[in-house]
Amino acid sequence: MKLSNIILFLLLVSSASCQSQHKKDSISLNYVAQTRGFQLAIRLENIFLEIYKNNETVQIELTENQFNEVVEMVKKIDFDTIKSNISIDDLALDKAIKGEFELNLNEEIYSFEFDHNNAPKNIQELLNKLQSFYKAKE
C-alpha cells in the first residue's frame, strides 16, 4: 500500500513539474489601415482582442480554443518571405489603403507595411479570422 502511495505521489509531482515547464505562447498584434473614408484597427494582446472599424469599437476576450487557433495561424506564416508592398504613388492618388502590421510572438517582432487590399495571403487570413470573432459577437 505504501509503495502505491509513493508511486502515486511521484507521478503527481512529476506531472506538476512538467506542466510548469510548458510555456504559454505570448502574442501581441497591432494592425491599422486608414484612409479618408475608412478606418480599421485590430489590436490583440494575448486573449484580449479589440477591433475598431469606422467609429465602432468592440472588445472581445478570446476563448482558449480561439487563442490557440490564432497562435497556430501565426506560426504557419513564413515572415522571412513577406515583403512590404505599399506604393507611394498609389497612396498619393488614394488607390491604396496603407496597412501597418506589427506582431510580437514570443519576443520575436515582425513589422510590415502593405496595401490593405493586397495583403499577403496568410496575413489576410489571420486578419479575417480576428474579424470573424468580432462578427460572431454581433
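Whatever comes next refers back to the structure up there.
Computed from a predicted structure; not experimentally measured.

What counts, and where the lines are drawn
Residues numbered from 1 in each chain as written. Predicted model: local features only at pLDDT ≥ 70, side-chain atom pairs only at ≥ 80, totals over all residues. Heavy atoms only, no water. Pairing = 2+ DSSP bridges. Helix = DSSP H or I, 4+ residues; strand = E, 2+ residues; numbered from the N terminus. Phe/Tyr/Trp six-rings, centres within 6.5 Å; stacked < 30°, edge-to-face > 60°. Buried < 20%, exposed > 50% of the residue type's maximum accessible area, 1.4 Å probe, protein only. Contact = heavy atoms within 4.5 Å. Salt bridge = Lys/Arg side-chain N within 4 Å of Asp/Glu carboxyl O.

A. Broad picture of the pairing of strand 4 (residues 56–61). With six bridges connecting them, strand 3 (residues 48–53) and strand 4 associate as antiparallel partners. For phenylalanine 48, the partnering residue across the bridge sits in strand 4 and is glutamate 61.

B. Up close: the packing of aromatic side chains. Overall, the coordinates contain five aromatic pairs when judged by the stated rule. With a centroid separation of 6.0 Å and an interplanar angle of 20°, the aromatic rings of tyrosine 31 and phenylalanine 114 are classed as stacked. With a gap of 83 residues between them, tyrosine 31 in strand 1 (residues 27–35) and phenylalanine 114 in strand 6 (residues 108–115) connect regions that are remote in the sequence. The buried category is assigned to phenylalanine 114, whose relative accessible area is 0%.

C. View of the environment of asparagine 85. Residue position: asparagine 85 is located in the loop between helix 2 (64–75) and helix 3 (88–92). Here the alpha-carbon distance between asparagine 85 and aspartate 115, two residues 30 residues apart in the chain, equals 6.5 Å. Discounting chain neighbours no more than four positions away, the residues touching asparagine 85 are Glu113, Phe114, Asp115 and Asn118.

D. Molecular detail of unusual backbone geometry. Phi at asparagine 54 is positive, roughly 45°, even though this residue is not glycine. Checked against the element boundaries, asparagine 54 lands in the loop between strand 3 and strand 4. Using a relative accessible area of 39% as the deciding quantity, one classes asparagine 54 as partly exposed. A positive phi is found at asparagine 106, a non-glycine position, where the angle reads about 50°. Relative to the helices and strands, asparagine 106 resides in the loop between strand 5 (98–105) and strand 6.

E. Representation of the pattern of salt bridges within the structure. The final tally for this structure, using the stated rule, is five salt bridges. The salt bridge partner of aspartate 25 is lysine 75, with a shortest N-O separation of 3.1 Å. A residue pair is termed long-range when its members are at least 10 positions apart, and aspartate 25 in the loop between helix 1 (2–21) and strand 1 and lysine 75 in helix 2 qualify at 50 residues. As a salt-bridge pair, glutamate 45 and arginine 43 come within 3.9 Å of each other at their nearest N and O atoms. On the accessibility criterion, arginine 43 (41% relative accessible area) is partly exposed.

Limitation: the analysis is restricted to geometry and does not speak to function.
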